Amino acid sequence: MNHNAQYDIAITGGGLAGLSLAILCAKSGWKTILFEKDNYPRHKVCGEYISMESWPHLERLGLALSEMDLPHIKSLQLSDAKGRAYDFQLPLGGFGISRYLLDYLMYQQAVKEGVVVYTNCKVMSIDEKSNHFVIQTESNNYTAAIAVNAYGKRSNLDIKWQRNFVQKKPGALDNWVGVKYHINYDVQKDRIALHNFA
């Protein structure tokens, strides 16, 4: 570890992966900084089903899931673009929690563990030097012995680094739009559904 760097580890991306890593590093005594381009709490288009195998990990991070009365999900309904519905049992099962809430709880836990978190902070470049990394944001530079990127595809860094998947033109199978909205109606608490439309 380069002890001349400001931080032991710098993490770009404050979703589930980045926040989990930040909390674990801070719990291990590493001086940790995390950069997130958005703010907390925030809505995300992704689903709100988490596999049960993640439950012990999230509780080890410090989230009191057992105290939250979360729905345990045991079945999946999937519909195709013609309106046909298919039902499946989920042997391992999962639990339902809003990403709006989950990300916010993890962010709060990271701060509690001592992680330095910058929100609304876009990373412009990450450059490797001889024994450390320089992370440049829109307003400042930071140094870390280790740099980890924990974000989705097609970020500004992917474009800058000209990564292969950014250069590829989208095909017919890439033309999908995800829509998520919250409604109140009488529905099975132990089922999650994914509906497809033409």
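Being a predicted model, the structure only gives us computed values, none of them experimental.

(A) Representation of the overall build of the chain. A count of helical and extended segments in the chain gives 5 helices and 10 strands. Here the chain holds 198 residues, and 34% of them are scored as buried. Taking contacts inside the chain between residues at least 6 apart in sequence as the whole, the part at least 24 apart equals 64%. About 12,600 Å² of surface is accessible on the chain, with carbon and sulfur atoms providing 52% of the total.

(B) Representation of the packing of aromatic side chains within the structure. Applying the stated criterion across every chain, the model contains 6 aromatic pairs. Ring centres of Trp-55 and Phe-95 lie 4.9 Å apart, and the angle between their planes is 85 degrees; this geometry places the pair in the edge-to-face category. A residue pair is termed long-range when its members are at least 10 positions apart, and Trp-55 in helix 2 (residues 55-61) and Phe-95 in strand 5 (residues 85-96) qualify at 40 residues. Residue Phe-95 is classed as buried on the basis of its relative accessible area, which comes to 0%. Aromatic pair Tyr-118 and Tyr-142: ring centres 5.4 Å apart, planes at 45 degrees, arrangement tilted. One end of the pair, Tyr-118, is in strand 6 (residues 116-118); the other, Tyr-142, is in strand 9 (residues 141-149), and 24 residues separate them in sequence. A relative accessible area of 32% places Tyr-118 in the partly exposed class. Tyr-142 gets classed as buried once you look at its relative accessible area, which sits at 6%. The ring of Tyr-7 has Lys-31 lying over it, and the distance from NZ or CZ to the ring centre is 5.2 Å.

(C) Highlighting the layout of surface pockets. Computed from the structure, the largest pocket encloses a volume of approximately 1,600 Å³. Around the largest pocket, the lining is made up of 33 residues, and of these Lys-180, Tyr-181, Tyr-185, Ile-192 and Ala-193 lie nearest the centre. Elements supplying a minimum of two residues to the lining of the largest pocket: strand 4 (72-79) and strand 10 (191-195). The leading source of residues in the lining of the largest pocket is strand 10, at 5 residues.

What counts as what
- Residues numbered from 1 in each chain as written.
- Predicted model: local features only at pLDDT ≥ 70, side-chain atom pairs only at ≥ 80, totals over all residues.
- Heavy atoms only, no water.
- Helix = DSSP H or I, 4+ residues; strand = E, 2+ residues; numbered from the N terminus.
- Buried < 20%, exposed > 50% of the residue type's maximum accessible area, 1.4 Å probe, protein only.
- Contact = heavy atoms within 4.5 Å.
- Areas by Shrake-Rupley, 256 points an atom, 1.4 Å probe, with all protein chains shown as cover.
- Phe/Tyr/Trp six-rings, centres within 6.5 Å; stacked < 30°, edge-to-face > 60°.
- Lys NZ or Arg CZ within 6 Å of the ring centre and 35° of its normal.
- 1 Å grid on protein atoms, 1.4 Å probe; cavity = no way out; pocket = protein on both sides within 12 Å on 5 of 7 lines; lining within 4 Å.
- Points joined across faces, edges and corners; volume = space filled by probe spheres on them.

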